[in-house]
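Structural characterization, general
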Amino acid sequence: MTQPRSAPMPAGLRTRPRHPAYDHRCPHCGAAEKARCTTISGRITKPQPCPARLAAHATAVAVCTTCQVTPGTPCHDNGIQRPDSSPVHAARYTEAKGTAA
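Residues numbered from 1 in each chain as written. Predicted model: local features only at pLDDT ≥ 70, side-chain atom pairs only at ≥ 80, totals over all residues. Heavy atoms only, no water.

1. Remarks on the packing of aromatic side chains
Ring pairs (aromatic) are described by centroid distance and by the angle formed between their planes. Using the criterion set out here, one finds zero aromatic pairs in the structure. Across from the ring centre of Y22, 4.5 Å away, lies the NZ or CZ of R18, which sits over that ring. (Phe/Tyr/Trp six-rings, centres within 6.5 Å; stacked < 30°, edge-to-face > 60°. Lys NZ or Arg CZ within 6 Å of the ring centre and 35° of its normal.)

This is the structure in structure tokens:
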């Protein structure tokens, strides 16, 4: 006997909203928009977005109050590009959270 197909769950009933960083492609693991981040091999799905995806989201949507750059422009320190270990100022992450709320 086959089971009847069920209707998809409405978005309003989901237990927690998705992080807005999922609207951007992940530069680290290569996960597509709206898809969860995975390990590099693609076998294991991560519960949280990659730090690179969070940085890409903050760069795309928030103004950096530290280095005074507009959305879409990478952060810098006195005209010198920031290192890959911390590509975005902490203030920009805060601004990105405020934009999403």
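2. Comments concerning the environment of N78
Mapped onto the secondary structure, N78 falls in the loop between strand 1 (76-77) and strand 2 (80-81). Judged by relative accessible area, N78 falls into the exposed class, the value being 79%. It is 7.7 Å that separates the C-alpha atoms of N78 and C67, two residues lying eleven residues apart in sequence. (Helix = DSSP H or I, 4+ residues; strand = E, 2+ residues; numbered from the N terminus. Buried < 20%, exposed > 50% of the residue type's maximum accessible area, 1.4 Å probe, protein only.)

3. Some thoughts on the confidence of the model for the protein chain
Averaged over the protein chain, the pLDDT score is 87; the fraction of residues at 70 or greater is 90%. When mean pLDDT is taken per element in the protein chain, helix 1 (residues 51-61) scores highest with 93 and helix 2 (residues 90-100) scores lowest with 85. (pLDDT = per-residue confidence, 0-100.)

4. Let's talk about unusual backbone geometry
At K34, a residue that is not glycine, the phi angle is positive and equals roughly 70 degrees. Here K34 lies in the segment before helix 1. Accessibility expressed as a relative area gives 56% for K34, which makes it exposed.

5. Digging into the environment of H24
Assignment of secondary structure puts H24 in the segment before helix 1. Assessed through its relative accessible area of 21%, H24 is described here as partly exposed. Each C-alpha atom, one on H24 and one on L54, is 9.0 Å from the other, the two residues being 30 residues apart in sequence.

6. Focus on the pattern of salt bridges
Applying the stated criterion across every chain, the model contains two salt bridges. Its salt-bridge partner being D23, residue K34 comes within 2.8 Å of it at the nearest N-O pair. Within this pair, whereas K34 is found in the segment before helix 1, its partner D23 is found in the segment before helix 1, the two being separated by eleven residues in sequence. What makes D23 partly exposed here is its relative accessible area of 39%. (Salt bridge = Lys/Arg side-chain N within 4 Å of Asp/Glu carboxyl O.)

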